[in-house]
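One letter stands for each residue in the lines below.
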Amino acid sequence: MRGGGGAMGLLEQCEAAFGAADLYRALGVRRGASAEEIRRGYHRASLRVHPDRVPPDDKEEATRRFQILGKAYAVLSDAEQRALYDEQGRVDEEGEALRAERDWQEYWRLLFKKISVKDIEDFEKTYKDSEQELADVKAAYVDFEGDMDKIMESVLCVDYTDEPRIRKIIEKAIDCKEVPSYKAFVKEPKQKAMARKRRAEKEAKEAEKSKQELGLGDGEDDLKALIQSRNKDRQKEMDDFLSHLEAKYGNNPKKGGKKTAAKKGKK
């Protein structure tokens, strides 16, 4: 259903903003995702376009995309609305979930709690070498068919110094037949690996320089400032990281959903 005035419906908005008229794809989750997986997907996707985390010139477009993601989550987090969408492929544009006067930024703030640098450090200590990291590395390897550039960007809490450790995890999984052997991984050109290392070293230096120039400490505002100062092409990596952290330390949604370990996988 669509309201009057010829305005685009939500599915059309998703297609225009994210390239697919599919609510699940907009949030980066599979159709059979649990309520918690959908919440995490919404959080991760919305962090990438949150109006407070983009340069001023991108704010208008980010706000539009942020609102679309909020609407997609509102539909999929409502059992009746999700059933209607799953069964008939349509959205009730006039339903309560999509009421026009809703403040989507306030809606987001009610779902998710801010975090600090200490939260990140605490999480990193428990995440590295954990069963969850092992599962995430394997999932990233399969999702990206062995492309180490994408794997290293996707896995949490890693930098280029962790690559040998990540490679060992994958190699062991291949040897144990837990994952396929992808040519992109087993026969990766040395030039590609060196280029990845140079990029990572350069970005690390730029991040440290930005931190020093901004006089950053360990507060939430300092963390936000550092994110905004980083290269836009690398912002996705930090946003994914923050999504998992905020989901871990954030508030439970009012209806259903439990805090669970982060899960990555194909839609």
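Not measured: the values here are computed from a predicted model. (Residues numbered from 1 in each chain as written. Predicted model: local features only at pLDDT ≥ 70, side-chain atom pairs only at ≥ 80, totals over all residues. Heavy atoms only, no water.)

A.B. asks: Sorry if this is basic, but what is going on with helix 3 (residues 35-49) here?
C.D. replies: For the α-helix, the turn length of 3.6 residues means that residues three or four positions removed from each other point alike. Between its first and last C-alpha, helix 3 extends 22 Å over 15 residues, near the 21 Å set by a 1.5 Å rise per residue. By the criterion of burial, helix 3 is predominantly enclosed, with 13 of the 15 residues buried. (Helix = DSSP H or I, 4+ residues; strand = E, 2+ residues; numbered from the N terminus. Expected span 1.5 Å × (residues − 1). Buried < 20%, exposed > 50% of the residue type's maximum accessible area, 1.4 Å probe, protein only.)

A.B. asks: Hey, could you run me through the environment of Asp136 in this one?
C.D. replies: On the secondary structure map, Asp136 appears in helix 8 (residues 131-143). When the C-alpha atoms of Asp136 and Ile151 are compared, they prove to be 9.7 Å apart, with 15 residues separating the residues in sequence.

A.B. asks: What exactly am I supposed to notice about the confidence of the model for the chain here?
C.D. replies: Close reading of the predicted structure is inappropriate where its pLDDT is low. With 69% of its residues at a pLDDT of at least 70, the chain reaches an overall mean of 76. Across the chain, the secondary-structure element scoring lowest on mean pLDDT is helix 13 (residues 220-229), at 50, and the one scoring highest is helix 10 (residues 163-175), at 95. A low-confidence stretch, residues 229-235 stays under pLDDT 50, and its non-local contacts, those more than four residues away or across chains, total nine contacts. (pLDDT = per-residue confidence, 0-100. Contact = heavy atoms within 4.5 Å.)

A.B. asks: Could you clarify how one ought to interpret the packing of aromatic side chains in this entry?
C.D. replies: Each aromatic ring pair is summarised here by two numbers: the centre-to-centre distance and the angle between the ring planes. According to the stated counting rule, one finds four aromatic pairs in the structure shown. Between Tyr42 and Tyr73 the ring centres are 4.6 Å apart and the planes differ by 10°, which places this aromatic pair in the stacked class. With Tyr42 in helix 3 and Tyr73 in helix 4 (residues 59-76), this pair connects stretches of sequence that are 31 residues apart. In this structure Tyr42 comes out as buried when scored by relative accessible area, which is 0%. The class of Tyr73 is buried, set by a relative accessible area of 5%. Ring centres of Tyr141 and Tyr182 lie 5.2 Å apart, and the angle between their planes is 50°; this geometry places the pair in the tilted category. Within this pair, whereas Tyr141 is found in helix 8, its partner Tyr182 is found in the loop between helix 10 and helix 11 (183-186), the two being separated by 41 residues in sequence. Three or more aromatic residues joined by ring pairs make a cluster, and in this case those are Tyr141, Tyr182 and Phe185. (Phe/Tyr/Trp six-rings, centres within 6.5 Å; stacked < 30°, edge-to-face > 60°.)

A.B. asks: Please clarify how helix 10 should be interpreted in this entry.
C.D. replies: Taking 1.5 Å of rise per residue, 13 residues should cover 18 Å, and helix 10 covers 18 Å from first to last C-alpha, within 8% of that figure. Among all positions in helix 10, only Glu163, Ile166, Arg167, Ile169, Ile170, Ala173 and Ile174 are buried. Viewed end-on, helix 10 has its buried residues packed into an arc of 160°, placing them on one side of the element. Away from its buried face by more than 90 degrees, helix 10 exposes Lys168, Lys172 and Asp175. Phi turns positive, to about 65°, at Lys177, one or two residues after helix 10. (Arc of directions from axis to C-beta.)

A.B. asks: Quick question: what am I supposed to make of the environment of Ala17 here?
C.D. replies: Mapped onto the fold, Ala17 is located in helix 1 (residues 10-18). Residue class for Ala17 comes out buried when judged on its relative accessible area of 10%. In this structure Ala17 touches Arg64, Arg65 and Ile68, once residues within four positions along its chain are discounted.

A.B. asks: Got a minute to help me understand the side chain of Gln81 in this structure?
C.D. replies: Along the chain, the position of Gln81 falls in helix 5 (residues 79-88). With relative accessibility at 10%, the residue Gln81 sits in the buried group. Those residues in contact with Gln81, other than ones at most four positions away along the chain, are Val75, Asp92, Gly95 and Ala97.

A.B. asks: Could you clarify how one ought to interpret the nonpolar core in this entry?
C.D. replies: Buried together is how nonpolar side chains tend to be arranged in soluble globular proteins. Among the nonpolar cores identified, the biggest contains 30 residues, and Leu10, Leu23, Leu27, Ile38 and Val91 are the most heavily contacted of them. Those elements that provide at least two residues to this core are helix 1, helix 2 (23-27), helix 3, helix 4 and helix 6 (104-111). Take this core: its biggest share by element is eight residues, from helix 4. Among the nonpolar cores identified, the runner-up in size contains 20 residues, and Tyr127, Val158, Ile166 and Phe185 belong to it. (Core = buried A, V, L, I, M, F, W, Y, C linked by side-chain atoms within 4.5 Å.)

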